[in-house]
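Examining the three-dimensional arrangement
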Amino acid sequence: MPYPKLEMLIAGEWTNGSSGKSEPVICPADGTTIGTLPHASTADLDAALQSSLDGFNVWRKKTPHERQTVLEQAARLLEDRFDDISANLTREMGKPVGEAKIELRVAIDLLRWYAEEGKRVYGRIIPSRFPNMQHEVRKQPVGPVVAFVAWNFPATNVMRKVAGALAAGCSITIKPSEETPATAIAIGKALTDAGLPAGVLNIVFGVPPEVSEHLLASPIPRKLSFTGSVPVGIHLQQLAAKNMIRCTMELGGHSPVMVFEDCDLELAAKMCAAGKFRNAGQVCISPTRFFVQDSIHDKFLTLFQQQVEAVQVGNGLEENVNMGPLVAERRIEIMDGFVSDAVSQGAELVTGGARLQNAGSFFAPTLLKDVPETARIMTEEPFGPVAPTTRFSSLDEVIERANSLPFGLAAYAFTSNAGTAGILKQEIETGMLAVNSLHVHSVETPFGGLKASGYGHEGGIEGLEAYLAARYSSEIYA
Ligand code: NAD
(Lines give C-alpha, C1' and ligand atoms only; values in the text may rest on other atoms or scores of the structure.)
Protein backbone atom coordinates (compact mmCIF):
# COMPACT_ATOMS: atom_id res chain seq x y z
CA MET A 1 0.00 0.00 0.00
CA PRO A 2 1.33 3.47 -0.81
CA TYR A 3 2.63 6.00 1.68
CA PRO A 4 -0.33 8.39 2.12
CA LYS A 5 -0.79 11.94 0.91
CA LEU A 6 0.43 14.26 3.66
CA GLU A 7 -1.87 17.08 4.75
CA MET A 8 -2.59 19.22 7.76
CA LEU A 9 -5.87 19.33 9.67
CA ILE A 10 -6.97 22.90 10.27
CA ALA A 11 -10.44 23.97 11.38
CA GLY A 12 -11.90 20.62 10.38
CA GLU A 13 -10.42 20.60 6.85
CA TRP A 14 -7.58 18.47 5.50
CA THR A 15 -5.39 20.99 3.68
CA ASN A 16 -1.95 21.83 2.27
CA GLY A 17 -2.19 25.22 3.97
CA SER A 18 -1.29 28.52 2.38
CA SER A 19 2.48 28.83 2.87
CA GLY A 20 3.43 27.09 -0.37
CA LYS A 21 6.35 25.59 1.60
CA SER A 22 7.00 21.90 2.17
CA GLU A 23 9.73 19.40 3.04
CA PRO A 24 10.52 15.85 1.97
CA VAL A 25 9.91 12.85 4.21
CA ILE A 26 12.80 10.38 3.97
CA CYS A 27 12.67 6.62 4.57
CA PRO A 28 15.63 5.89 6.87
CA ALA A 29 16.00 2.31 5.62
CA ASP A 30 17.05 3.36 2.11
CA GLY A 31 17.29 7.16 2.06
CA THR A 32 14.52 7.58 -0.53
CA THR A 33 11.96 10.37 -0.43
CA ILE A 34 8.56 8.87 0.32
CA GLY A 35 6.40 11.95 0.78
CA THR A 36 6.13 15.72 0.68
CA LEU A 37 4.94 17.44 3.82
CA PRO A 38 3.26 20.86 3.61
CA HIS A 39 4.14 23.58 6.12
CA ALA A 40 1.65 25.90 7.82
CA SER A 41 1.75 29.66 7.26
CA THR A 42 1.17 31.99 10.20
CA ALA A 43 -2.36 32.52 8.82
CA ASP A 44 -2.86 28.73 8.95
CA LEU A 45 -1.63 28.66 12.56
CA ASP A 46 -3.98 31.51 13.47
CA ALA A 47 -6.86 29.60 11.86
CA ALA A 48 -5.91 26.51 13.87
CA LEU A 49 -5.82 28.52 17.10
CA GLN A 50 -9.19 30.18 16.51
CA SER A 51 -10.79 26.87 15.57
CA SER A 52 -9.31 25.21 18.66
CA LEU A 53 -11.07 27.82 20.78
CA ASP A 54 -14.34 27.34 18.88
CA GLY A 55 -13.91 23.57 18.98
CA PHE A 56 -13.24 23.67 22.72
CA ASN A 57 -16.53 25.44 23.31
CA VAL A 58 -18.35 22.67 21.43
CA TRP A 59 -16.44 19.69 22.84
CA ARG A 60 -16.40 20.73 26.51
CA LYS A 61 -20.20 20.83 26.49
CA LYS A 62 -20.52 17.22 25.29
CA THR A 63 -21.09 14.64 27.98
CA PRO A 64 -18.21 12.26 28.71
CA HIS A 65 -20.39 9.49 27.24
CA GLU A 66 -20.79 11.41 23.98
CA ARG A 67 -17.05 11.99 23.84
CA GLN A 68 -16.36 8.33 24.55
CA THR A 69 -18.64 7.28 21.67
CA VAL A 70 -16.58 9.30 19.18
CA LEU A 71 -13.24 8.13 20.60
CA GLU A 72 -14.37 4.48 20.61
CA GLN A 73 -15.40 4.74 16.95
CA ALA A 74 -11.96 6.21 16.15
CA ALA A 75 -10.33 3.25 17.96
CA ARG A 76 -12.33 0.86 15.76
CA LEU A 77 -11.28 2.70 12.60
CA LEU A 78 -7.63 2.51 13.66
CA GLU A 79 -8.10 -1.24 14.08
CA ASP A 80 -9.62 -1.49 10.58
CA ARG A 81 -6.61 0.37 9.15
CA PHE A 82 -4.08 -1.34 11.42
CA ASP A 83 -1.77 -3.04 8.90
CA ASP A 84 -1.47 -0.02 6.59
CA ILE A 85 -0.77 2.39 9.44
CA SER A 86 1.87 0.17 11.02
CA ALA A 87 3.66 -0.46 7.69
CA ASN A 88 3.80 3.28 7.03
CA LEU A 89 5.03 3.91 10.56
CA THR A 90 7.95 1.58 9.77
CA ARG A 91 8.56 3.30 6.42
CA GLU A 92 8.84 6.75 7.92
CA MET A 93 10.54 5.91 11.22
CA GLY A 94 12.47 2.69 10.59
CA LYS A 95 11.48 0.47 13.53
CA PRO A 96 10.64 -3.18 12.73
CA VAL A 97 7.02 -3.60 11.72
CA GLY A 98 6.45 -5.95 14.68
CA GLU A 99 7.40 -3.08 17.01
CA ALA A 100 5.24 -0.70 14.98
CA LYS A 101 2.25 -3.01 15.50
CA ILE A 102 2.84 -3.21 19.24
CA GLU A 103 3.09 0.58 19.34
CA LEU A 104 -0.13 1.05 17.40
CA ARG A 105 -1.90 -1.48 19.63
CA VAL A 106 -0.79 0.53 22.69
CA ALA A 107 -1.96 3.75 21.02
CA ILE A 108 -5.42 2.25 20.48
CA ASP A 109 -5.48 1.01 24.08
CA LEU A 110 -4.59 4.52 25.24
CA LEU A 111 -7.48 5.97 23.28
CA ARG A 112 -9.97 3.48 24.72
CA TRP A 113 -8.63 3.74 28.27
CA TYR A 114 -8.71 7.54 28.35
CA ALA A 115 -12.16 7.63 26.71
CA GLU A 116 -13.54 5.38 29.47
CA GLU A 117 -11.64 7.16 32.24
CA GLY A 118 -13.12 10.46 31.06
CA LYS A 119 -16.44 9.20 32.47
CA ARG A 120 -14.88 9.04 35.93
CA VAL A 121 -13.76 12.62 36.40
CA TYR A 122 -15.19 13.17 39.87
CA GLY A 123 -15.36 16.28 41.99
CA ARG A 124 -15.78 16.38 45.76
CA ILE A 125 -17.81 17.98 48.53
CA ILE A 126 -15.75 19.33 51.44
CA PRO A 127 -17.39 19.75 54.87
CA SER A 128 -17.57 23.40 55.78
CA ARG A 129 -16.53 25.03 59.04
CA PHE A 130 -19.53 27.34 58.69
CA PRO A 131 -23.16 26.26 59.19
CA ASN A 132 -25.33 25.70 56.12
CA MET A 133 -22.41 26.15 53.76
CA GLN A 134 -21.17 23.72 51.16
CA HIS A 135 -17.77 23.63 49.46
CA GLU A 136 -17.74 22.02 46.06
CA VAL A 137 -14.78 21.15 43.82
CA ARG A 138 -15.30 20.19 40.19
CA LYS A 139 -12.72 19.19 37.62
CA GLN A 140 -13.17 20.88 34.29
CA PRO A 141 -11.20 20.76 31.03
CA VAL A 142 -8.37 23.26 31.21
CA GLY A 143 -8.91 24.72 27.71
CA PRO A 144 -7.30 24.51 24.26
CA VAL A 145 -4.06 22.52 24.35
CA VAL A 146 -0.92 22.91 22.24
CA ALA A 147 1.42 19.93 21.90
CA PHE A 148 4.74 19.09 20.24
CA VAL A 149 6.14 15.56 20.09
CA ALA A 150 9.27 13.68 19.06
CA TRP A 151 9.53 11.17 16.21
CA ASN A 152 10.59 8.05 18.13
CA PHE A 153 7.06 6.80 18.85
CA PRO A 154 5.01 8.30 16.02
CA ALA A 155 1.76 6.73 17.30
CA THR A 156 1.99 6.70 21.10
CA ASN A 157 3.73 10.07 21.51
CA VAL A 158 0.81 11.62 19.62
CA MET A 159 -1.91 9.51 21.20
CA ARG A 160 -0.80 10.08 24.80
CA LYS A 161 -1.52 13.76 24.30
CA VAL A 162 -4.48 13.62 21.93
CA ALA A 163 -6.41 10.95 23.85
CA GLY A 164 -5.79 12.57 27.24
CA ALA A 165 -6.83 16.02 26.04
CA LEU A 166 -9.92 14.86 24.15
CA ALA A 167 -11.14 12.56 26.93
CA ALA A 168 -10.86 15.44 29.40
CA GLY A 169 -12.95 17.68 27.13
CA CYS A 170 -10.12 19.85 25.77
CA SER A 171 -9.37 20.70 22.17
CA ILE A 172 -5.79 20.15 21.00
CA THR A 173 -3.50 21.55 18.30
CA ILE A 174 -0.55 19.23 17.79
CA LYS A 175 2.64 19.54 15.78
CA PRO A 176 3.90 15.99 15.40
CA SER A 177 7.44 15.40 14.19
CA GLU A 178 8.03 16.40 10.58
CA GLU A 179 10.04 13.17 10.23
CA THR A 180 7.08 10.89 11.02
CA PRO A 181 3.90 12.67 9.89
CA ALA A 182 1.85 9.87 8.30
CA THR A 183 1.12 8.10 11.58
CA ALA A 184 -0.16 11.28 13.21
CA ILE A 185 -2.28 12.01 10.15
CA ALA A 186 -3.73 8.48 10.27
CA ILE A 187 -4.74 9.07 13.90
CA GLY A 188 -6.29 12.40 12.90
CA LYS A 189 -8.21 10.80 10.01
CA ALA A 190 -9.64 8.12 12.30
CA LEU A 191 -10.86 10.82 14.68
CA THR A 192 -12.38 13.07 11.99
CA ASP A 193 -13.97 10.06 10.27
CA ALA A 194 -15.42 9.08 13.66
CA GLY A 195 -17.20 12.43 13.88
CA LEU A 196 -14.91 14.61 15.96
CA PRO A 197 -16.27 18.16 15.59
CA ALA A 198 -14.26 20.69 13.56
CA GLY A 199 -11.46 22.46 15.45
CA VAL A 200 -11.31 19.98 18.33
CA LEU A 201 -8.15 18.53 16.80
CA ASN A 202 -5.74 20.49 14.61
CA ILE A 203 -2.58 18.95 13.14
CA VAL A 204 0.05 21.34 11.81
CA PHE A 205 3.61 21.05 10.50
CA GLY A 206 6.38 23.54 9.82
CA VAL A 207 9.73 24.78 11.09
CA PRO A 208 9.45 23.71 14.75
CA PRO A 209 10.74 26.87 16.52
CA GLU A 210 8.64 29.09 14.27
CA VAL A 211 5.48 27.08 14.89
CA SER A 212 5.94 26.93 18.65
CA GLU A 213 6.80 30.63 18.97
CA HIS A 214 3.68 31.58 17.07
CA LEU A 215 1.30 29.21 18.85
CA LEU A 216 2.59 29.97 22.34
CA ALA A 217 2.49 33.74 21.81
CA SER A 218 -1.29 33.47 21.48
CA PRO A 219 -3.56 33.92 24.52
CA ILE A 220 -5.73 30.99 23.33
CA PRO A 221 -3.77 27.89 24.53
CA ARG A 222 -4.17 27.11 28.23
CA LYS A 223 -1.94 24.06 28.30
CA LEU A 224 1.32 22.96 26.67
CA SER A 225 2.37 19.34 26.54
CA PHE A 226 5.79 18.49 25.10
CA THR A 227 7.69 15.27 24.46
CA GLY A 228 11.29 15.78 23.42
CA SER A 229 14.74 16.80 24.59
CA VAL A 230 15.60 18.74 27.74
CA PRO A 231 16.94 21.90 26.00
CA VAL A 232 13.85 22.23 23.80
CA GLY A 233 11.62 21.57 26.81
CA ILE A 234 13.28 24.40 28.74
CA HIS A 235 12.91 26.74 25.74
CA LEU A 236 9.20 25.91 25.28
CA GLN A 237 8.53 26.31 28.98
CA GLN A 238 10.00 29.81 28.78
CA LEU A 239 7.71 30.65 25.85
CA ALA A 240 4.71 29.24 27.74
CA ALA A 241 5.55 31.28 30.83
CA LYS A 242 4.78 34.55 29.04
CA ASN A 243 1.11 33.59 28.80
CA MET A 244 1.05 31.60 32.06
CA ILE A 245 0.34 28.41 30.11
CA ARG A 246 0.61 25.34 32.31
CA CYS A 247 2.99 22.62 31.07
CA THR A 248 3.59 18.90 31.03
CA MET A 249 7.19 18.12 30.13
CA GLU A 250 8.15 14.58 29.04
CA LEU A 251 11.87 15.02 28.42
CA GLY A 252 15.02 13.02 27.92
CA GLY A 253 16.55 10.45 30.23
CA HIS A 254 19.73 8.49 30.86
CA SER A 255 18.48 5.37 32.57
CA PRO A 256 20.79 3.36 34.84
CA VAL A 257 20.53 -0.44 34.92
CA MET A 258 21.93 -2.00 38.07
CA VAL A 259 22.83 -5.67 37.68
CA PHE A 260 23.38 -7.18 41.14
CA GLU A 261 25.28 -10.42 41.82
CA ASP A 262 22.17 -12.14 43.22
CA CYS A 263 20.04 -11.82 40.07
CA ASP A 264 19.17 -14.29 37.32
CA LEU A 265 22.02 -13.33 34.99
CA GLU A 266 20.70 -14.99 31.85
CA LEU A 267 17.34 -13.33 32.22
CA ALA A 268 18.99 -9.99 32.94
CA ALA A 269 21.25 -10.24 29.85
CA LYS A 270 18.31 -11.14 27.65
CA MET A 271 16.10 -8.35 28.96
CA CYS A 272 18.88 -5.77 28.82
CA ALA A 273 19.57 -6.53 25.16
CA ALA A 274 15.87 -6.56 24.24
CA GLY A 275 15.35 -3.25 26.05
CA LYS A 276 18.54 -1.61 24.80
CA PHE A 277 18.01 -2.33 21.10
CA ARG A 278 14.25 -1.80 21.00
CA ASN A 279 13.69 0.96 18.46
CA ALA A 280 17.49 0.99 17.96
CA GLY A 281 17.88 2.54 21.42
CA GLN A 282 15.90 5.62 20.38
CA VAL A 283 13.67 5.49 23.43
CA CYS A 284 13.57 8.03 26.25
CA ILE A 285 13.44 5.21 28.82
CA SER A 286 16.06 3.10 27.04
CA PRO A 287 18.59 1.53 29.44
CA THR A 288 21.72 3.61 28.87
CA ARG A 289 24.19 3.14 31.74
CA PHE A 290 24.84 -0.47 32.68
CA PHE A 291 26.29 -0.86 36.19
CA VAL A 292 27.40 -4.47 36.73
CA GLN A 293 28.51 -5.77 40.14
CA ASP A 294 32.21 -6.77 40.25
CA SER A 295 31.72 -10.42 41.23
CA ILE A 296 29.53 -11.26 38.21
CA HIS A 297 30.89 -8.66 35.79
CA ASP A 298 32.73 -10.92 33.35
CA LYS A 299 30.03 -13.60 33.33
CA PHE A 300 27.30 -11.03 32.68
CA LEU A 301 29.31 -9.31 29.93
CA THR A 302 29.77 -12.62 28.10
CA LEU A 303 26.03 -13.33 28.23
CA PHE A 304 25.19 -9.75 27.24
CA GLN A 305 27.62 -9.86 24.30
CA GLN A 306 25.96 -13.03 22.98
CA GLN A 307 22.59 -11.27 23.09
CA VAL A 308 23.92 -8.11 21.44
CA GLU A 309 25.50 -10.08 18.61
CA ALA A 310 22.27 -11.99 18.02
CA VAL A 311 20.34 -8.80 17.15
CA GLN A 312 19.27 -8.94 13.48
CA VAL A 313 19.59 -5.54 11.83
CA GLY A 314 17.79 -4.68 8.59
CA ASN A 315 14.88 -3.00 6.87
CA GLY A 316 12.02 -3.10 9.38
CA LEU A 317 9.58 -4.29 6.74
CA GLU A 318 11.55 -7.52 6.26
CA GLU A 319 10.90 -10.63 8.32
CA ASN A 320 13.09 -11.64 11.28
CA VAL A 321 14.55 -8.16 11.65
CA ASN A 322 14.66 -6.98 15.26
CA MET A 323 16.47 -3.68 14.81
CA GLY A 324 15.95 -1.15 12.01
CA PRO A 325 17.94 1.93 10.99
CA LEU A 326 18.40 5.08 13.06
CA VAL A 327 15.72 7.64 12.27
CA ALA A 328 18.02 9.72 10.06
CA GLU A 329 21.54 10.01 8.76
CA ARG A 330 22.38 12.74 11.32
CA ARG A 331 22.19 10.18 14.16
CA ILE A 332 25.07 8.07 12.71
CA GLU A 333 27.65 10.79 13.28
CA ILE A 334 26.41 11.22 16.86
CA MET A 335 26.87 7.48 17.57
CA ASP A 336 30.36 7.53 15.99
CA GLY A 337 31.26 10.43 18.27
CA PHE A 338 30.08 8.63 21.42
CA VAL A 339 32.04 5.46 20.56
CA SER A 340 35.32 7.16 19.59
CA ASP A 341 35.20 9.43 22.64
CA ALA A 342 34.65 6.46 25.01
CA VAL A 343 37.40 4.39 23.38
CA SER A 344 39.83 7.32 23.47
CA GLN A 345 39.20 7.52 27.21
CA GLY A 346 40.04 3.85 27.78
CA ALA A 347 36.76 1.97 27.17
CA GLU A 348 36.97 -1.37 25.37
CA LEU A 349 34.86 -1.83 22.24
CA VAL A 350 33.47 -5.36 22.67
CA THR A 351 31.28 -5.51 19.56
CA GLY A 352 29.80 -3.20 16.92
CA GLY A 353 30.89 0.42 16.96
CA ALA A 354 30.37 1.48 13.35
CA ARG A 355 27.72 2.12 10.72
CA LEU A 356 26.62 -0.82 8.64
CA GLN A 357 27.48 -0.34 5.02
CA ASN A 358 24.14 -0.92 3.35
CA ALA A 359 22.03 1.99 2.13
CA GLY A 360 20.14 3.74 4.91
CA SER A 361 21.16 4.92 8.37
CA PHE A 362 22.08 1.62 10.02
CA PHE A 363 24.42 1.43 13.01
CA ALA A 364 25.66 -1.83 14.49
CA PRO A 365 24.41 -2.89 17.93
CA THR A 366 27.33 -1.84 20.08
CA LEU A 367 28.71 -2.94 23.44
CA LEU A 368 31.34 -0.94 25.33
CA LYS A 369 33.12 -2.26 28.44
CA ASP A 370 34.73 -0.43 31.36
CA VAL A 371 33.52 2.95 30.17
CA PRO A 372 34.91 5.72 32.39
CA GLU A 373 32.41 8.08 33.98
CA THR A 374 34.11 10.97 32.14
CA ALA A 375 33.12 9.58 28.72
CA ARG A 376 30.43 11.70 27.07
CA ILE A 377 28.12 8.71 26.66
CA MET A 378 27.93 8.36 30.46
CA THR A 379 26.48 11.85 30.88
CA GLU A 380 24.78 12.71 27.56
CA GLU A 381 21.69 10.78 26.45
CA PRO A 382 22.92 8.40 23.71
CA PHE A 383 19.53 7.81 22.02
CA GLY A 384 20.97 5.02 19.89
CA PRO A 385 22.07 1.37 19.88
CA VAL A 386 25.17 1.74 22.06
CA ALA A 387 25.37 0.04 25.48
CA PRO A 388 28.07 1.42 27.81
CA THR A 389 28.91 -0.79 30.78
CA THR A 390 30.86 -0.18 33.98
CA ARG A 391 31.50 -1.99 37.29
CA PHE A 392 30.34 -1.31 40.85
CA SER A 393 30.95 -2.97 44.20
CA SER A 394 28.34 -1.86 46.74
CA LEU A 395 24.67 -0.84 46.88
CA ASP A 396 25.46 2.61 48.29
CA GLU A 397 28.01 3.23 45.57
CA VAL A 398 25.69 2.28 42.71
CA ILE A 399 22.84 4.38 44.10
CA GLU A 400 25.10 7.41 44.28
CA ARG A 401 26.39 6.89 40.74
CA ALA A 402 22.92 6.17 39.33
CA ASN A 403 21.60 9.39 40.86
CA SER A 404 24.57 11.51 39.80
CA LEU A 405 23.11 12.92 36.56
CA PRO A 406 20.53 15.69 36.19
CA PHE A 407 18.15 13.22 34.45
CA GLY A 408 15.49 11.34 36.42
CA LEU A 409 13.23 9.45 34.01
CA ALA A 410 13.59 5.67 34.43
CA ALA A 411 15.85 3.19 36.22
CA TYR A 412 16.15 -0.58 36.24
CA ALA A 413 17.56 -3.15 38.64
CA PHE A 414 18.06 -6.88 38.54
CA THR A 415 18.22 -8.46 41.99
CA SER A 416 16.60 -11.30 43.92
CA ASN A 417 17.05 -9.46 47.21
CA ALA A 418 13.81 -7.86 48.41
CA GLY A 419 15.75 -5.61 50.76
CA THR A 420 17.84 -4.24 47.90
CA ALA A 421 14.70 -3.68 45.81
CA GLY A 422 13.04 -1.86 48.72
CA ILE A 423 15.99 0.47 49.20
CA LEU A 424 16.15 1.24 45.47
CA LYS A 425 12.43 2.12 45.37
CA GLN A 426 13.12 4.61 48.13
CA GLU A 427 16.45 6.04 46.98
CA ILE A 428 16.59 6.08 43.18
CA GLU A 429 15.68 9.53 41.88
CA THR A 430 13.55 8.68 38.85
CA GLY A 431 9.87 8.89 38.01
CA MET A 432 9.83 5.19 37.10
CA LEU A 433 11.71 2.12 38.35
CA ALA A 434 11.45 -1.52 37.22
CA VAL A 435 12.92 -4.38 39.25
CA ASN A 436 13.70 -7.62 37.35
CA SER A 437 12.27 -6.30 34.10
CA LEU A 438 12.43 -3.26 31.87
CA HIS A 439 8.71 -2.66 31.99
CA VAL A 440 7.84 0.83 33.20
CA HIS A 441 4.73 1.76 31.31
CA SER A 442 1.16 0.65 30.80
CA VAL A 443 -1.74 2.80 29.68
CA GLU A 444 -3.12 2.80 33.22
CA THR A 445 0.13 3.74 35.01
CA PRO A 446 1.67 7.22 35.29
CA PHE A 447 4.57 7.84 32.91
CA GLY A 448 6.82 10.79 33.70
CA GLY A 449 10.13 11.98 35.02
CA LEU A 450 11.82 13.89 37.83
CA LYS A 451 14.61 16.47 37.81
CA ALA A 452 15.70 17.55 34.29
CA SER A 453 13.55 14.80 32.75
CA GLY A 454 10.52 17.01 33.27
CA TYR A 455 7.33 16.95 35.27
CA GLY A 456 3.73 15.86 34.94
CA HIS A 457 2.51 12.52 33.66
CA GLU A 458 0.90 10.76 30.75
CA GLY A 459 -1.06 7.55 31.28
CA GLY A 460 -2.97 6.65 34.40
CA ILE A 461 -5.37 9.00 36.13
CA GLU A 462 -2.47 11.45 36.42
CA GLY A 463 -2.44 11.68 32.61
CA LEU A 464 -6.07 12.79 32.58
CA GLU A 465 -5.57 15.19 35.48
CA ALA A 466 -3.00 16.99 33.33
CA TYR A 467 -5.86 18.35 31.21
CA LEU A 468 -8.19 19.24 34.06
CA ALA A 469 -8.44 22.29 36.29
CA ALA A 470 -9.91 22.15 39.80
CA ARG A 471 -12.67 24.75 40.20
CA TYR A 472 -14.02 25.54 43.64
CA SER A 473 -17.35 27.09 44.58
CA SER A 474 -19.16 27.64 47.86
CA GLU A 475 -22.86 27.95 48.51
CA ILE A 476 -24.96 28.88 51.53
CA TYR A 477 -28.02 26.69 51.18
CA ALA A 478 -30.20 27.76 54.08
P1 NAD B 1 13.94 17.45 20.13
O2 NAD B 1 13.58 18.06 21.43
O3 NAD B 1 14.97 18.12 19.30
O4 NAD B 1 12.65 17.30 19.22
C5 NAD B 1 11.49 16.67 19.68
C6 NAD B 1 10.30 17.16 18.90
O7 NAD B 1 10.11 18.51 19.17
C8 NAD B 1 10.47 17.05 17.39
O9 NAD B 1 9.28 16.72 16.78
C10 NAD B 1 10.89 18.42 16.96
O11 NAD B 1 10.44 18.72 15.67
C12 NAD B 1 10.16 19.25 17.98
N13 NAD B 1 10.85 20.50 18.27
C14 NAD B 1 12.16 20.74 18.27
N15 NAD B 1 12.39 22.03 18.56
C16 NAD B 1 11.19 22.59 18.75
C17 NAD B 1 10.73 23.88 19.07
N18 NAD B 1 11.59 24.90 19.28
N19 NAD B 1 9.41 24.10 19.14
C20 NAD B 1 8.53 23.10 18.94
N21 NAD B 1 8.88 21.86 18.66
C22 NAD B 1 10.19 21.61 18.57
O23 NAD B 1 14.33 15.96 20.46
P24 NAD B 1 14.81 14.79 19.51
O25 NAD B 1 16.26 14.61 19.72
O26 NAD B 1 14.31 14.93 18.13
O27 NAD B 1 13.99 13.61 20.19
C28 NAD B 1 14.51 12.83 21.17
C29 NAD B 1 14.34 13.41 22.57
O30 NAD B 1 13.00 13.26 22.99
C31 NAD B 1 15.18 12.65 23.55
O32 NAD B 1 15.77 13.52 24.47
C33 NAD B 1 14.16 11.76 24.23
O34 NAD B 1 14.54 11.28 25.48
C35 NAD B 1 12.98 12.65 24.28
N36 NAD B 1 11.75 11.87 24.49
C37 NAD B 1 11.16 11.91 25.73
C38 NAD B 1 10.03 11.13 25.97
C39 NAD B 1 9.35 11.13 27.32
O40 NAD B 1 8.20 10.75 27.38
N41 NAD B 1 10.00 11.54 28.39
C42 NAD B 1 9.51 10.32 24.96
C43 NAD B 1 10.14 10.31 23.73
C44 NAD B 1 11.27 11.10 23.50
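All values derive from a computational prediction rather than experimental measurement.

1. Side note on the sheet that holds strand 12 (residues 255-259)
Taken together, 7 strands build an open sheet; the order of strands is 14-15-16-13-12-18-19 and the sheet is mixed. Either end of the sheet is taken by a strand with one partner, and the two such strands are strand 14 (348-351) and strand 19 (432-435). The sheet shows a mean angle of 25° between the axes of neighbouring strands, taken without regard to direction. Two strands pair when backbone bridges link them, and strand 15 (residues 366-369) and strand 16 (residues 386-392) are joined in this way by 3 bridges, in the parallel orientation. Within the sheet, the bridge partner assigned to threonine 366 lies in strand 16 and is valine 386. In the packing of helix 11 (residues 330-344) onto the sheet, the strands contacted are strand 14, strand 15 and strand 16, and the crossing angle to strand 15 comes to about 20°.

2. What about the site of the ligand?
Not every one of the 27 residues close to the ligand is listed here, only the nearest: Val149, Trp151, Ser212, Ser229 and Glu381. Lysine 175 places a polar side-chain atom, nitrogen or oxygen, 3.5 Å from an oxygen atom of the ligand. Here an oxygen atom of the ligand and a side-chain polar atom of glutamate 381 are 2.5 Å apart. Contact with the protein chains hides 88% of the accessible area of the ligand, taken as 830 Å² for the molecule alone. Those elements that place two or more of their residues in the shell around the ligand are strand 7 (145-149), helix 7 (208-216), strand 10 (223-227) and helix 8 (230-242). Grouping the amino acids of the shell around the ligand by side-chain chemistry returns 14 nonpolar, 9 polar and 4 charged. Split by domain, the shell around the ligand shows at least three residues from each of two domains, domain 1 (8-251 + 451-474) and domain 2 (255-435).

3. Comments concerning the sheet that holds strand 6 (residues 133-141)
The antiparallel open sheet is built from 3 strands, whose spatial order is 5-6-22. The open sheet has two edge strands with one neighbour each: strand 5 (124-127) and strand 22 (468-476). Recorded for the sheet is a direction-independent mean angle of 25° between the axes of neighbouring strands. Of the strand pairs in this sheet, strand 6 and strand 22 are connected by 9 bridges, and their pairing is antiparallel. Bridging across to strand 22, glutamine 134 finds its partner in glutamate 475.

4. Describing the packing of aromatic side chains
Scanning the entire structure with this criterion turns up 5 aromatic pairs. Look at tryptophan 113 and tyrosine 114: their rings are 5.6 Å apart centre to centre, the planes differ by 75°, and that puts the pair in the edge-to-face class. Considered together, tryptophan 113 and tyrosine 114 belong to a single accessibility category, that of buried residues. What links up through ring pairs into an aromatic cluster is the set Phe290, Phe300 and Phe304. Between arginine 160 and the ring centre of phenylalanine 447, over which it is positioned, the NZ or CZ distance is 4.6 Å. One residue, lysine 189, lies across the ring of tryptophan 14, its end atom 4.5 Å from the ring centre.

5. Some words on the domain arrangement of the protein
If you check the domain split of the protein, you get domain 1 (8-251 + 451-474) and domain 2 (255-435). One C-alpha centre belongs to domain 1, the other to domain 2; they are set 31 Å apart. Each side of the interface is counted separately: domain 1 has 21 residues, and domain 2 has 29 residues. Between domain 1 and domain 2, the buried area comes to about 2000 Å², and carbon and sulfur atoms account for 58% of it. Considering only the surface of domain 1 that becomes buried against domain 2, Ala29, Trp151 and Lys451 emerge as the three largest contributors, covering 27% of it. Here glutamate 179 ties to arginine 330 by a salt bridge, and the two come within 2.4 Å at their closest N and O atoms.

Calculation notes
Residues numbered from 1 in each chain as written. Predicted model: local features only at pLDDT ≥ 70, side-chain atom pairs only at ≥ 80, totals over all residues. Heavy atoms only, no water. Pairing = 2+ DSSP bridges. Helix = DSSP H or I, 4+ residues; strand = E, 2+ residues; numbered from the N terminus. Axes fitted to C-alpha atoms, helices over the stretch in contact; angles between N-to-C directions. Contact = heavy atoms within 4.5 Å. Near = heavy atom within 4 Å. Polar contact = N/O pair within 3.5 Å; in protein donor to acceptor, adjacent residues only side chain to side chain. Areas by Shrake-Rupley, 256 points an atom, 1.4 Å probe, with all protein chains shown as cover. Nonpolar A, V, L, I, M, F, W, Y, C, P; charged D, E, K, R; others polar. Domains from an automatic or database assignment. Phe/Tyr/Trp six-rings, centres within 6.5 Å; stacked < 30°, edge-to-face > 60°. Buried < 20%, exposed > 50% of the residue type's maximum accessible area, 1.4 Å probe, protein only. Lys NZ or Arg CZ within 6 Å of the ring centre and 35° of its normal. Buried area = accessible area lost by both parts, 1.4 Å probe. Salt bridge = Lys/Arg side-chain N within 4 Å of Asp/Glu carboxyl O.

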